[in-house]
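Report on the structure
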Amino acid sequence: KKSICTSRSFNGMITDLDGLRTHVSNYAARCAEKLRQQGTVASIVGVFLNTNAFREDLPQYWNFQEMRLTTPSSSTVTIVKAANEVLQKLYRQGYHYKKAGVIVMGIGPNSPIQPDLFDYNAEQFEKMKRLDAVIDRINKVNGTETIVLGSQQYPQKDGKGKANVFANAIKHDFKSKNPTTRWSDIIVLK
């Protein structure tokens, strides 16, 4: 693959930076997981934001920016941090955002990696690699989103109980049925 993109339309409109940061963090984490699953690393992290083009009564905004990583990585922490830095540059107050996405590019094999001469810490790199492996293993055994970064957590809707998870925070209006993986969607022949 030359790039990996994770993007979704929001359940409603989002106007604040914190709400956007949560979504972008989740998209970046999904991209990092996909990189690790295929044994690759990315050297560029891009983020895009756009408003609802069908709402002509609201001001329109669309933008995309990218950031080059000094050392290619598949670390969730590194990619989420880079995506949030790009989001900070993209965000403009006063707009009602409808969609965002994260694209990782410059994909190559995870071995050998050409590190940056001045900004590479081998010990830190190995530590992040082990951390991602442990988180991936726990999430595989106990279900997705068992362990997430703090920036990935959605706020609680009513102030009580568990915070919302990524799967419930995205829009499902036009989602196809899952007859092979969900009992309630099994096709019944009459």
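Keep in mind that this is a model prediction, so the values were computed, not measured.

Definitions and limits used
- Residues numbered from 1 in each chain as written.
- Predicted model: local features only at pLDDT ≥ 70, side-chain atom pairs only at ≥ 80, totals over all residues.
- Heavy atoms only, no water.
- Buried < 20%, exposed > 50% of the residue type's maximum accessible area, 1.4 Å probe, protein only.
- Helix = DSSP H or I, 4+ residues; strand = E, 2+ residues; numbered from the N terminus.
- Pairing = 2+ DSSP bridges.
- Axes fitted to C-alpha atoms, helices over the stretch in contact; angles between N-to-C directions.
- Left-handed = near helix turned anticlockwise from the far one by under 90°.
- Contact = heavy atoms within 4.5 Å.
- Nonpolar A, V, L, I, M, F, W, Y, C, P; charged D, E, K, R; others polar.
- Expected span 1.5 Å × (residues − 1).
- Arc of directions from axis to C-beta.
- Salt bridge = Lys/Arg side-chain N within 4 Å of Asp/Glu carboxyl O.

Of all nine residues making up strand E4 (residues 97-105), eight are buried, and the element is well covered by its neighbours. Where strand E1 (residues 3-14) and E4 come together, eight bridges link them in antiparallel fashion. Looking across to E4, one finds that Ser9 is bridged to Lys99. The sheet contact formed by strand E2 (residues 40-51) and E4 spans eight bridges and is antiparallel. Of the residues in E4, the one forming a bridge with Val47 is Val102.

In this section: the packing of helix H1 (residues 17-37) against helix H2 (residues 76-90). Closest axis-to-axis distance for the H1/H2 pair is 8 Å, and the angle between their directions is 140°. Remark: the crossing between H1 and H2 carries right-handed chirality. For the pair formed by H1 and H2, the contact residues are Leu17, Leu20, Arg21, Val24, Ser25, Ala28, Ala29, Ala32, Leu35 and Arg36 on the first element and Thr76, Ile79, Val80, Ala83, Asn84, Leu87 and Gln88 on the second. A breakdown of the residues in the contact of H1 with H2 according to their chemical character gives eleven nonpolar, four polar and two charged.

Taking 1.5 Å of rise per residue, the 21 residues of helix H3 (residues 122-142) would be expected to cover 30 Å, and the 30 Å separating its terminal C-alpha atoms lies within 8% of that figure. Among all positions of H3, only Met128, Asp132, Ile135 and Asn139 are buried. Summarising the axial view, the buried residues of H3 lie within an arc of 70°, below the 170-degree limit, and thus occupy one face. Summarising the geometry of H3, the exposed residues directed more than 90 degrees from the buried face are Glu123, Arg130, Arg137, Lys140 and Val141. Buried residues along H3 sit in contact with H1 and H2.

Scanning all chains against the criterion turns up six salt bridges. Note that Arg30 is salt-bridged to Glu33, the shortest N-O span being 3.6 Å. One end of the pair, Arg30, and the other, Glu33, are both in helix H1, three residues apart, so they sit about a helical turn from each other. In this structure, Arg36 engages Asp136 in a salt bridge whose closest nitrogen and oxygen atoms are separated by 2.7 Å. Within this pair, whereas Arg36 is found in helix H1, its partner Asp136 is found in helix H3, the two being separated by 100 residues in sequence. If you follow the salt bridges from partner to partner, you end up with Arg36, Asp132 and Asp136 in one network.

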